[in-house]
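Here are the chains, one letter per residue:
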Amino acid sequence: MRVPTCVLSSFEAPRVLHGHSPDLFVQIGSLTKPLTATVLTRLADSGVLGLDDPLESFLPAPRGTGITLRHLAEHTSGLPRLPPGLGGSDPYAAFDAGALDSVVRHLDDLVTAPAGTSEEYSNLGYAVLGAALVSAVGASYEELLRRHVLDPLGVTDVRADPPADRRLHRWAPLELLRRPWTMTGAILPAGGLWATPRAAARVVVGLLVDRGLGEPAPAWQPAGPMLWHNGATNTASVFAGASPSGWILVHRQTGRADATDKLAVDTFKAAVARRRR
């Protein structure tokens, strides 16, 4: 099946295939995390909080876990990848503020390692981080994101719940519409944002190339000279990265993140190689 694909980069004109669109909203999954981490660093730079503040300063977490905001941002909190009790075809739908509060109050029963001792990628950790930022400021997650990231970068088309008529839908085999996961609840700061590919690319350029909001937040992953992050849901996957040689963002309407990552990395390497000839 032909997969709707959008490739935006510093190397070539936009490449849009099989019904994708750079101007319709798509899920960006865990590419949400660098935006959440940027809210954290912006609040730290302004003195609202400290990166090494303990979690229990903001949420009703048990004392003694040793978990700080930095640990949550760097995936070194010791929390598992996923919240407990997920299941079904829409796994995050029931993970609301009440469910997160219950998890936070029993974090000491969930940690798999002492805070700061090892790295384990954690959607749960970023859900907790987002809740802590909301508690620290007393504003919604979307308001924090708009105020501290999107407005300073001049970006508008990044949202938690865009209008249905502005979303790019993926039709599964047999013409059955595969519904995207519900991620507007507590999981939002970990992977629930939607964006147009064009808007997502502007965020990547603003954060990684222009460095308009300071040094990149700790969510970005290093690979040699490149900083990158990817994301996937059940219906979409994305890869974004930048190095001194250029930048790239690839979005595909499929949850196969491995294939999207490979397309992005192969395209980036080929473009850099052509420049060096």
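The paragraphs below set out a description of the structure included in this document. Source: prediction; values computed, not measured.

Rules used throughout
Numbering of residues begins from 1 in every chain and follows the order in which that chain's sequence is written. Only residues with pLDDT of 70 or above have their local features reported here, since the model is predicted, and side-chain atom pairs are shown and tallied only from 80 upward, although totals for entire chains, interfaces and linings are computed over all residues. The side-chain numbers reported here are obtained from all heavy atoms of the structure, hydrogens and water having been left aside. Salt bridges, as used here, are contacts in which a Lys or Arg side-chain nitrogen is within 4 Å of a carboxyl oxygen on Asp or Glu. Burial classes: relative accessible area under 20% of the type maximum marks a residue as buried, over 50% as exposed, and values in between as partly exposed (1.4 Å probe, protein chains only). Any two strands between which DSSP finds at least two bridges are classified as paired. Helix and strand assignments follow DSSP, with helices taken as H or I runs no shorter than four residues and strands as E runs no shorter than two, numbered in order from the N terminus. Here the axes come from fitting lines to C-alpha atoms, over the contacting stretch only for helices, and the angles between their N-to-C directions go from 0 to 180 degrees. Oblique is the label for every angle not falling under 35 degrees (roughly parallel), over 145 degrees (roughly antiparallel), or within 65 to 115 degrees (roughly perpendicular). It only takes one pair of heavy atoms within 4.5 Å for two residues to be counted as in contact. Each residue is assigned to one class: nonpolar for Ala, Val, Leu, Ile, Met, Phe, Trp, Tyr, Cys and Pro, charged for Asp, Glu, Lys and Arg, and polar for all the others, Gly among them.

### Overview of the pattern of salt bridges
So, step 1. Evaluated as defined, the whole model comprises 12 salt bridges.
So, step 2. A salt bridge links E215 to R211; the shortest N-O distance between them is 3.3 Å.
So, step 3. Given the relative accessible area of 35%, R211 is considered partly exposed.
So, step 4. Via salt bridges that share partners, E143, R146, R147 and D151 belong to a single interconnected network.

### Concerning the sheet that holds strand β4 (residues 158-159)
So, step 1. Taken in spatial order, the three strands make up an open sheet running β3-β5-β4, and their pairing is antiparallel. With one partner strand each, in any of the chains shown, β3 (26-27) and β4 form the two edges of the open sheet.
So, step 2. The pairing of β3 with strand β5 (residues 194-195) spans two bridges and is antiparallel. Paired with Q27 across the two strands is W194, which belongs to β5.

### A closer look at the pairing of strand β8 (residues 237-243)
So, step 1. Counting buried positions along β8 gives seven out of seven residues, so the element sits mostly inside the fold.
So, step 2. Side chains S237, F239, G241 and S243 of β8 all project onto a buried face; the interleaved residues V238, A240 and A242 project onto the opposite face, where all are buried too.
So, step 3. Bridging between strand β7 (residues 226-232) and β8 involves six bridges; their strand directions are antiparallel. For N230, the partnering residue across the bridge sits in β8 and is F239.
So, step 4. Connecting β7 to the next strand, β8, in antiparallel fashion are four residues.
So, step 5. From the end of β8 to the start of strand β9 (residues 246-252), which pair antiparallel, there are two residues.

### A few points about the packing of helix α1 (residues 32-45) against helix α5 (residues 141-153)
So, step 1. α5 packs onto α1 with a crossing angle of 85° between their chain directions and a minimal axis gap of 9 Å. Judged on the interaxial angle alone, α5 and α1 are roughly perpendicular. Residue-level inspection shows T32, L35, T36, T38, V39, R42 and L43 of α1 in contact with α5, the latter providing Y141, L144, L145, H148, V149 and P152.
So, step 2. In terms of residue class, the contact of α1 with α5 is built from eight nonpolar, four polar and one charged.

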